[in-house]
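A look at the structure
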Amino acid sequence: MGWKAVRDHYRIEHLVQVTSAGICIGSPYIHNIIVISLDRGEIVRRWGTPHDGSLGRYLDEMDADPFKLADLVAQADVFERSMSVFTYEGGDIVEKQCEELGYPNVTHDGCMQYENTFSPDAGLVRVWAIDSAKAGIEWMTEAVENAQRDLRERVERLNQRKADLEKLQGEASA
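These numbers were taken from a predicted model, which means no experiment stands behind them.

**A closer look at the environment of Pro-104**
Residue position: Pro-104 is located in the loop between strand E6 (92–98) and helix H4 (122–173). Using a relative accessible area of 39% as the deciding quantity, one classes Pro-104 as partly exposed. It is 8.6 Å that separates the C-alpha atoms of Pro-104 and Pro-28, two residues lying 76 residues apart in sequence. In contact with Pro-104, other than residues within four places in its own chain, are Leu-15 and Met-112.

**Structural notes on helix H2 (residues 53–64)**
Relative to the 16 Å expected for 12 residues at 1.5 Å per residue, H2 spans 16 Å between its end C-alpha atoms, a close match to the ideal helical length. Listed as buried for H2 are Leu-55, Gly-56, Tyr-58, Leu-59 and Met-62. Each buried residue of H2 lies within a common arc of 160 degrees when the element is viewed along its axis, so the set occupies one face. The exposed set on the far side of H2, more than 90 degrees from its buried face, consists of Gly-53, Asp-60 and Ala-64. The inward-facing, buried residues of H2 abut helix H1 (3–9), strand E2 (22–26), strand E3 (34–36), strand E4 (43–46) and helix H3 (66–74).

**Regarding the pattern of salt bridges**
Enumeration according to the criterion identifies 13 salt bridges in this entry. Residues Arg-46 and Asp-63 are paired through a salt bridge, measuring 2.6 Å at the closest nitrogen-oxygen approach. Highlighted residues: Arg-46 in strand E4 and Asp-63 in helix H2, separated in sequence by 17 residues. Assessed through its relative accessible area of 40%, Asp-63 is described here as partly exposed. Among the salt bridges present, the one from Arg-157 reaches Glu-153, with a minimum N-O distance of 3.8 Å. Taken together, the positions of Arg-157 and Glu-153, both in helix H4 and four residues apart, correspond to about one turn of that helix. When its relative accessible area of 45% is taken as the criterion, Arg-157 is described as partly exposed. Salt bridges linked by common partners bring Arg-149, Asp-150, Glu-153 and Arg-157 together as one network.

**Looking at the packing of aromatic side chains**
With the rule as written, the count across this model stands at two aromatic pairs. Measuring from ring centre to ring centre gives 6.1 Å for Trp-3 and Phe-79, while their planes differ by 40 degrees; the resulting arrangement is tilted. Taken together, the positions of Trp-3 in helix H1 and Phe-79 in the loop between H3 and strand E5 (83–89) put the pair 76 residues apart, joining distant regions of the chain. The buried category is assigned to Trp-3, whose relative accessible area is 2%. When its relative accessible area of 22% is taken as the criterion, Phe-79 is described as partly exposed. Taking 5.8 Å as the distance between ring centres and 25 degrees as the angle between the ring planes, the aromatic pair formed by Tyr-103 and Tyr-114 counts as stacked. Taken together, the residues Tyr-103 in the loop between E6 and H4 and Tyr-114 in the loop between E6 and H4 connect sequence positions 11 residues apart. Under the relative-accessibility criterion, Tyr-103 is labelled partly exposed at 31%.

**Some details on a nonpolar patch on the surface**
There is a patch of nonpolar side chains on the surface, built from Trp-139, Met-140 and Val-144 and spanning about 320 Å² of accessible area. As for its position among the elements, Met-140 is in helix H4. Using a relative accessible area of 40% as the deciding quantity, one classes Met-140 as partly exposed.

**Notes on H3**
Taken together, the buried positions of H3 are Leu-69, Leu-72 and Val-73. Seen end-on, H3 carries its buried residues on one side only, within an arc spanning 100 degrees. With respect to the buried face of H3, the exposed residues turned more than 90 degrees away are Phe-67 and Ala-74. Looking at the packing, one finds that the buried side of H3 touches H1, E2, E3, E4 and H2.

Calculation notes
Each chain carries its own residue numbering, running from 1 in the written order of its sequence. It should be noted that, the model being predicted, local features are given only for residues of pLDDT at least 70 and side-chain atom pairs only at 80 or more, the latter also being counted only at that level, while totals for whole chains, interfaces and linings use all residues. Processing note: side-chain calculations cover all non-hydrogen atoms of the structure and skip hydrogens and water entirely. A helix here means a DSSP run of H or I that spans at least four residues, while a strand means a run of E at least two residues long, and both kinds are numbered starting from the N terminus. Note on exposure labels: buried denotes an accessible area under 20% of the residue type's maximum, exposed denotes more than 50%, and partly exposed covers the range between, all computed with a 1.4 Å probe on protein chains only. A contact between two residues is defined here by any heavy atoms of the two lying within 4.5 Å. Expected helix span is computed as 1.5 Å times (number of residues minus one). Arc, as used here, means the arc of the directions from the helix axis to the C-beta atoms. Only one rule defines a salt bridge in this text: a Lys or Arg side-chain nitrogen within 4 Å of an Asp or Glu carboxyl oxygen. Any two rings among Phe, Tyr and Trp, with Trp reduced to its six-membered ring, count as a pair given centres within 6.5 Å; such a pair is stacked if its planes are under 30 degrees apart, edge-to-face if over 60, and tilted if neither. Patches here are clusters of residues that have more than 30% relative accessible area and form no salt bridge, with a 9 Å joining cutoff for like charges and a 5 Å cutoff for nonpolar side chains (Val, Leu, Ile, Met, Phe, Trp, Tyr). Each accessible area value is a Shrake-Rupley result obtained with a 1.4 Å probe; residue values ignore everything except the protein chains displayed when judging cover.

Put into structure tokens, the structure is as follows:
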């Protein structure tokens, strides 16, 4: 995957994580200031310009040798150690590996270890997953009820418009 190779090679001091968008370089507030595609190893997002300081240095070095960036992204990352950490995805408790536990560290596959979703204690993660599922059911139940109410109102309005048209057409032919 190469996220660690990129981080180490460019001496990136910002947070680095992998999302569906690619390798994201950012801060606790903006996680995707710079985004590098995983498939092509190219910079696909540059948030704001011009960049100076560390962000500017990263971009300058990456732009200076785009082939090197692509090679780094294609590399398999090498880790000094592997410790188990758990998270959840839907109804599954997932074990991942990391070098260091806790935020702002990432798992070997590049996932940011947020304090409320990653723990070395699988039992605690199960409690979080259950709480999340319950909250999701509550939220979705309310959303379905609102959608059903909105649909009933729209059907009533549609039926009223049909009745209006029928009345108007009946009066026109009389």
